[in-house]
Amino acid sequence: MQLVVARIGRAHGIKGEVTVEVRTDEPELRLGPGAVLATDPASVGPLTIETGRVHSGRLLLRFEGVRDRTGAEALRNTLLIAEVDPTELPEEEDEFYDHQLMDLDVVLKDGTEVGRITEISHLPSQDLFIVERPDGSEVMIPFVEEIVVEIDLEEQKAVIDPPPGLIDDRAEIASTRDEA
């Protein structure tokens, strides 16, 4: 099975290094020197990582055969894809691969059906579940432990405890103004 593990960003310097937006919790395992990664678009790859280092909090990679800024710039926005055994699980018990979460049923703590996870959006601050509701509409659920209280892979469901207004329009409006 293939997993997207990173997206190539800008060129860094003049010797072929690129910045990388990491999309895996295990970059040391997936993005180490010698790793051979498929790409999207496929015509760019496969790419073999020659070196990697962290500079100012960003991961920088250099690929075999890419020796200058022009070659590095040509890779911009390319997705890096690792081949992963489908039975492999993340090291931490509260971590999940996207493929494990896709198509899970989303329910409230009381069992009320909300919908089904159709997409996972990885944002800088947090991940979001894109959930398709039974009526065809979509709702975005932040994947944070305060809201997603349980992931049950055996039962194929995600249990959520959303704040008012997240999945419905019944938000509680608090005001400190005096009613006149």
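Further up the page is the structure itself.
If you're wondering where the values come from, they're calculated on a predicted model, not measured in any experiment. (Residues numbered from 1 in each chain as written. Predicted model: local features only at pLDDT ≥ 70, side-chain atom pairs only at ≥ 80, totals over all residues. Heavy atoms only, no water.)

Looking at this structure, I do not really get unusual backbone geometry. What am I missing?
Note the cis peptide between D40 and P41, where omega equals 15 degrees. Of note, P41 is situated in the loop between β3 (36-40) and β4 (47-55). Phi angles above zero are rare outside glycine, and S56 is one such case at about 55 degrees. Positionally, S56 belongs in the loop between β4 and β5 (58-63). Positive phi is not limited to glycine here, since Q156 has a value of about 55 degrees. Note that Q156 resides in the loop between β11 (148-152) and β12 (157-160). (Helix = DSSP H or I, 4+ residues; strand = E, 2+ residues; numbered from the N terminus.)

It is not clear to me how the side chain of D152 should be interpreted in this structure. Could you clarify?
With respect to the element layout, D152 can be found in strand β11. Put simply, D152 is tucked away with no salt bridge, and the nearest opposite charge, on K157, sits 5.2 Å away. (Buried < 20%, exposed > 50% of the residue type's maximum accessible area, 1.4 Å probe, protein only. Lys, Arg positive; Asp, Glu negative; His and termini not counted. Salt bridge = Lys/Arg side-chain N within 4 Å of Asp/Glu carboxyl O.)

Any chance you could explain the pattern of salt bridges here in plain terms?
Where charged atoms from two side chains of opposite charge approach closely, those side chains can pair. Tallied over the entire structure, the rule returns six salt bridges. Linking R76 and E73 is a salt bridge whose minimum nitrogen-to-oxygen distance equals 4.0 Å. Put simply, K109 and D161 hold a salt bridge, and the shortest N to O gap is 3.7 Å. In this pair, K109 is assigned in the loop between β7 (105-108) and β8 (113-122) and D161 in the segment after β12, connecting sequence segments 52 residues apart. D161 gets classed as partly exposed once you look at its relative accessible area, which sits at 36%.

Would you mind going over the nonpolar core with me for this structure?
Buried together is how nonpolar side chains tend to be arranged in soluble globular proteins. Core analysis: the biggest nonpolar cluster contains 22 residues, and L31, L61, F63 and L80 have the highest contact counts within it. Those elements giving two or more residues to this core turn out to be β1 (2-12), β2 (17-22), β4, β5 and β6 (79-83). With five residues, the single largest contributor to this core is β1. Excluding anything up to four places from it in sequence, L61 contacts G16, E17, V18, V20, L31, I49, T51, G52 and L80. By size, the runner-up hydrophobic cluster in this structure holds 16 residues, among which are L101, V114, V131 and I167. (Core = buried A, V, L, I, M, F, W, Y, C linked by side-chain atoms within 4.5 Å. Contact = heavy atoms within 4.5 Å.)

What is the right way to look at the pairing of β5 in this model?
Looking along a regular strand, one sees the side chains alternate between the two faces of the sheet. Counting buried positions along β5 yields five of six residues, so the element is predominantly enclosed. Direction of pairing for β2 relative to β5: antiparallel, over a ladder of four bridges. Bridge pairing links E17 to R62 in β5. Inspection of the sheet shows β4 paired to β5 by six bridges, in the antiparallel sense. What sits directly across from G52, in β5, is L61. If you look at the hairpin formed by β4 and β5, you'll find two residues sitting between the two strands, and S56 has a positive phi there, around 55 degrees. (Pairing = 2+ DSSP bridges.)

Sorry, what's going on with the environment of L31 here?
Looking at the secondary structure, you find L31 in the loop between α1 (27-30) and β3. Exposure remark for L31: the relative accessible area of 4% places this residue in the buried category. Taking C-alpha positions, L31 is 8.9 Å from A82, a pair spaced 51 residues apart along the chain. In contact with L31, other than residues within four places in its own chain, are V5, A6, V22, L37, I49, L59, L61 and L80.

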